Amino acid sequence: MPPEAQASAAAAMPALEVTDLDAHYGESQVLHGMSFSIDNCEVVTLLGRNGAGKSTALMALMGMTPPQRRGSVKLRGHELIDLPSHRIARLGLGYVPEERGIYASLTTEENLLLPPVVREGGMSVEEIYRIFPNLRERAASQGTKLSGGEQQMLAIGRILRTGAHTLLLDEPTEGLAPVIVQQIGAVINQLKSRGYTILLVEQNFQFAATVADRHYVVEDGRVVDEIPNDQLEANQSKLRDYLAM
Amino acid sequence: MLFELLGVPPQALFAQLLIGLVNGSFYAALSLGLAVIFGMLNIINFAHGALYMAGAFVAWMLLHHFGIPFWASLVLSPLIVAVFGMALERVLLSRLYHLDHIYGLLATFGLVLLIEGTFRQLYGVSGRGYPTPEVLKGGWNLGFMFLPNYRAFVLVAALAVCFGAWFFIERTRIGSYLRAGTENARLLQAFGVNVPRMMTLTFGLGVALAAFTGVLAAPIYQVHPLMGFNIIIIVFAVVVVGGMGSILGAIVTGLALGVAEGFTRVFYPEASATVIFVIMAVVLLIRPQGLFGRR
């Protein structure tokens, strides 16, 4: 296939396609046949209660062990299920963990430069500093000395350098002040317009509504509903039930 | 004069200080390797002393069987022992990472018996001399003490390697992978770093450091199948005193305890074999995470 045809074929297939994904920690199974898919340049959320399996789903997509996993995960048509996580990352999947995963023994800049560049098209450090000016000022500080918001920016910033095209964000707004949440939302919208595909785990659906195209509702380790963002209003009461608010 | 007050001739004091520093630099290099291996692989490498001994023995074998001189052995022996170590890591240790520390400790203790047993079988228990390299024979009379050239060289070489390792780990890009892997290897791998390969190389690095120290030790002590067993117990005490968290801590603690041991040999020789363990006990009581440990 010529490169253009390859590119258009890649564009035609979903960015991420998850089918019958099971995941378990030892004896305890957390995901029970989870299935969903995301198109290129889409922002999609997994909404659900604490313990529904949202974070486990992201770790399972990323190939991190534990959990052990079964089923099928395809990134632009590449089957990932049997690959170790460093190979998965190198296919262009970027991960921002819950609790941000900032390394205490590294400075802010070392944290930023830590993930290796996996493919072309990543941002330069200069561009990342332009999006997150705070990080430039704190470049020499120990990573965990940053404020919660700055740490979240660092966690997002460091995977933008790598050239990953599909980003998994685990609760990027957790525990942050409303102003910072707004800022993170603006960054996600900016990334979307740059052509990134984003899967977002959220509990805060007010925030999710400001950035996402679609929402999947997760319960007991499976996807139980799908709600397009423009029908979120109409489904408010159903969603409140799902999230038990 | 001070020395008369202490009742000790200065020559004896400075000679023991030098021996203390030389031993201390060996402790530093070995405990540094142990700390790096434990941090990255989660394995308490009991075989570290046996690999130090293997480094000395390989140098002796290279000289004895192939006529390869000290300077070449200083590079070759660590390489050979590191390759052996990396094979061990791939075949054996890599299967133990997800288990409790005790399994790694027991497996590497088994390796000690195998490695030391093999050398005892082949070469017996009597030590073998290793000649001091020609250019480093003799020494300087400094007035207050006699400084053997070779010991001065060993001290400088061991410390240079220790600080080189510190610089590599704390100040370089590859070192930042090592620090990150020590903190959270699972996440590091999810960023695209080949963590299994990194673990193999880390073990190789720690083992090479031990073998290098062994080669340095060969002309000072005899090359002996049990030379590693004698030192590894002390090195474990050094690691406990220093704490696992810090590279610089391992270096400083190694040197300080070597000197403490040397001085004890001057003032109260009966306690010189136990002083490090007494210090260890006191540190465990007052600061269980070690002097430089993070918790």
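Residues numbered from 1 in each chain as written. Chains lettered and ligands numbered in written order. Predicted model: local features only at pLDDT ≥ 70, side-chain atom pairs only at ≥ 80, totals over all residues. Heavy atoms only, no water.

(A) Highlighting the overall build of chain A. Each helix and strand counted, chain A has 10 helices and 10 strands in total. Expressed as lengths along the three principal axes of its C-alpha atoms, the size of chain A is roughly 50 × 45 × 40 Å. Split into buried and exposed, the 245 residues of chain A put 53% on the buried side. Sequence-distant contacts in chain A: of pairs separated by 6 or more residues, those separated by 24 or more amount to 69%. Counting only carbon and sulfur atoms, one obtains 48% of the accessible surface of chain A, whose full area is about 10300 Å². Across chain A, 22 positive and 30 negative side-chain charges occur, with their mean positions spaced 4 Å apart. (Helix = DSSP H or I, 4+ residues; strand = E, 2+ residues; numbered from the N terminus. Buried < 20%, exposed > 50% of the residue type's maximum accessible area, 1.4 Å probe, protein only. Contact = heavy atoms within 4.5 Å. Areas by Shrake-Rupley, 256 points an atom, 1.4 Å probe, with all protein chains shown as cover. Lys, Arg positive; Asp, Glu negative; His and termini not counted. Charge placed at Lys NZ, Arg CZ, Asp CG, Glu CD.)

(B) Quick look at the interface of chain B and chain A. On the side of chain A, 28 residues touch chain B, which itself brings 19 residues to the contact. Applying the counting criterion to the chain B and chain A interface returns one salt bridge. Counting the contacts that link chain B with chain A gives 12 residue pairs in polar contact (both at pLDDT 80 or more). Going through the elements one at a time, helix 7 (173-190) and helix 8 (195-217) of chain B are the ones with two or more residues in the side of chain B that touches chain A. It is helix 7 of chain B that contributes the most residues to the side of chain B that touches chain A, 12 residues altogether. (Salt bridge = Lys/Arg side-chain N within 4 Å of Asp/Glu carboxyl O. Polar contact = N/O pair within 3.5 Å; in protein donor to acceptor, adjacent residues only side chain to side chain.)

(C) Spatial organisation of the side chain of E202(A). Residue and element names in this part refer to chain A. By secondary structure assignment, the location of E202 is in strand 8 (residues 197-202). Here E202 occupies a buried position and makes no salt bridge, while the nearest side chain of opposite charge, K54, is found at 8.5 Å. Within polar-contact distance, the side chain of E202 engages the side chain of T173 at 3.0 Å. Those residues in contact with E202 that sit more than four places away from it in its chain are L46, L47, G48, K54, E171, P172, T173, F207 and A208.

(D) Main features of the environment of T172(B). All names here are of chain B. Here T172 lies in the loop between helix 6 (149-171) and helix 7. Taking relative accessible area as the criterion, T172 reaches 22% and is therefore assigned partly exposed. Spatially, the C-alpha atom of T172 lies 24 Å from that of V239, the residues being 67 residues apart in sequence. Non-local contacts of T172, meaning those with residues more than four positions away in its chain, are made with F167 and R179. In terms of polar contacts, T172 uses its side chain to reach the backbone carbonyl oxygen of F168, at 2.5 Å.

(E) Up close: empty space enclosed by the protein. According to the stated counting rule, one finds two cavities of 30 Å³ or more in the structure shown. Of the volumes computed, that of the largest cavity is approximately 50 Å³. Around the largest cavity, the lining residues are A89(A), L93(A), G94(A), Y95(A), P115(A), V118(A), I159(A), T162(A), A164(A), A190(B) and F191(B). Take the lining of the largest cavity: its biggest share by element is three residues, from strand 6 (residues 93-96) of chain A. Residue composition of the lining of the largest cavity, by class: nine nonpolar, two polar and no charged. Roughly 40 Å³ of volume is contained in the second largest cavity. Along its surface, the second largest cavity is lined by S31(B), A35(B), V238(B), V239(B), G243(B), M244(B) and A250(B). A per-class count over the lining of the second largest cavity returns five nonpolar, two polar and no charged. (1 Å grid on protein atoms, 1.4 Å probe; cavity = no way out; pocket = protein on both sides within 12 Å on 5 of 7 lines; lining within 4 Å. Points joined across faces, edges and corners; volume = space filled by probe spheres on them. Nonpolar A, V, L, I, M, F, W, Y, C, P; charged D, E, K, R; others polar.)

(F) Representation of the layout of surface pockets. If you add up the space inside the second largest pocket, you get close to 640 Å³. Every residue lining the second largest pocket is counted, 22 residues in all, and those nearest its centre are T65(A), Y97(B), Q189(B), V195(B) and M199(B). For the lining of the second largest pocket, the elements supplying multiple residues, two or more each, are helix 2 (10-41), helix 7 and helix 8 of chain B. Its residues assigned to classes, the lining of the second largest pocket shows 11 nonpolar, seven polar and four charged.

(G) How the structure looks around the environment of S85(A). For S85(A), the position within the fold is in helix 3 (residues 85-90). Judged by its relative accessible area of 3%, S85(A) is buried. Along the backbone, S85(A) and V223(A) are 138 residues apart, and their C-alpha atoms lie at a distance of 23 Å. If sequence neighbours within four positions are ignored, S85(A) has contacts with M62(A), G63(A), M64(A), Q189(B) and A190(B).

(H) Inspection of the sheet that holds strand 8 of chain A at higher detail. Residue and element names in this part refer to chain A. As summarised here, the arrangement of the six strands in space is 6-7-8-3-9-10, forming an open sheet in which the pairing is mixed. Edge positions in the sheet fall to strand 6 and strand 10 (222-228), since each has one partner strand and no second. Going across the sheet, the axis of each strand differs from the next one's by a mean of 20°, ignoring polarity. Bridge count between strand 3 (residues 43-48) and strand 8: five bridges; the pairing is parallel. Bridge assignment links L46 to a residue of strand 8, and that residue is V201. Sitting on the sheet, helix 7 (residues 148-160) touches strand 6 and strand 7 (166-170), and the angle it makes with strand 6 is about 170°. (Pairing = 2+ DSSP bridges. Axes fitted to C-alpha atoms, helices over the stretch in contact; angles between N-to-C directions.)

(I) Examining a nonpolar patch on the surface more closely. Residue and element names in this part refer to chain B. Taken together, the side chains of F163, L248, V252, L291 and F292 make up a nonpolar region of the molecular surface, amounting to roughly 410 Å² of accessible area. Structurally, F292 can be placed in the segment after helix 11 (275-286). Taking the relative accessible area as the measure of exposure, F292 reaches 34% and is therefore partly exposed. (Patch = residues over 30% accessible without salt bridge, like charges linked within 9 Å, V, L, I, M, F, W, Y side chains within 5 Å.)

(J) Expanded view of the nonpolar core. Core analysis: the biggest nonpolar cluster contains 162 residues, and L61(A), L199(A) and L216(B) have the highest contact counts within it. Considering every element that reaches this core, the biggest residue donor is helix 2 of chain B, with 14 residues. For L199(A), the contacting residues outside a window of four places in its chain are L16(A), F36(A), I38(A), V44(A), L46(A), L58(A), L61(A), L167(A), L168(A) and L169(A). (Core = buried A, V, L, I, M, F, W, Y, C linked by side-chain atoms within 4.5 Å.)

(K) Representation of the confidence of the model for chain B. Looking at chain B, pLDDT values average 93 and 97% of them are 70 or higher. Complex prediction metrics read pTM 0.90 and ipTM 0.93. (pLDDT = per-residue confidence, 0-100.)

(L) Molecular detail of the packing of aromatic side chains. All names here are of chain B. Under the definition given, this model contains 18 aromatic pairs over all chains. Centre to centre, the rings of W60 and Y123 are 5.3 Å apart; their planes meet at 80°, and the pair counts as edge-to-face. Taken together, the residues W60 in helix 3 (residues 48-66) and Y123 in helix 5 (residues 101-123) connect sequence positions 63 residues apart. In this structure W60 comes out as buried when scored by relative accessible area, which is 6%. An aromatic cluster of three or more residues is present, and its members are F70, W71, Y130, Y150 and F153. (Phe/Tyr/Trp six-rings, centres within 6.5 Å; stacked < 30°, edge-to-face > 60°.)

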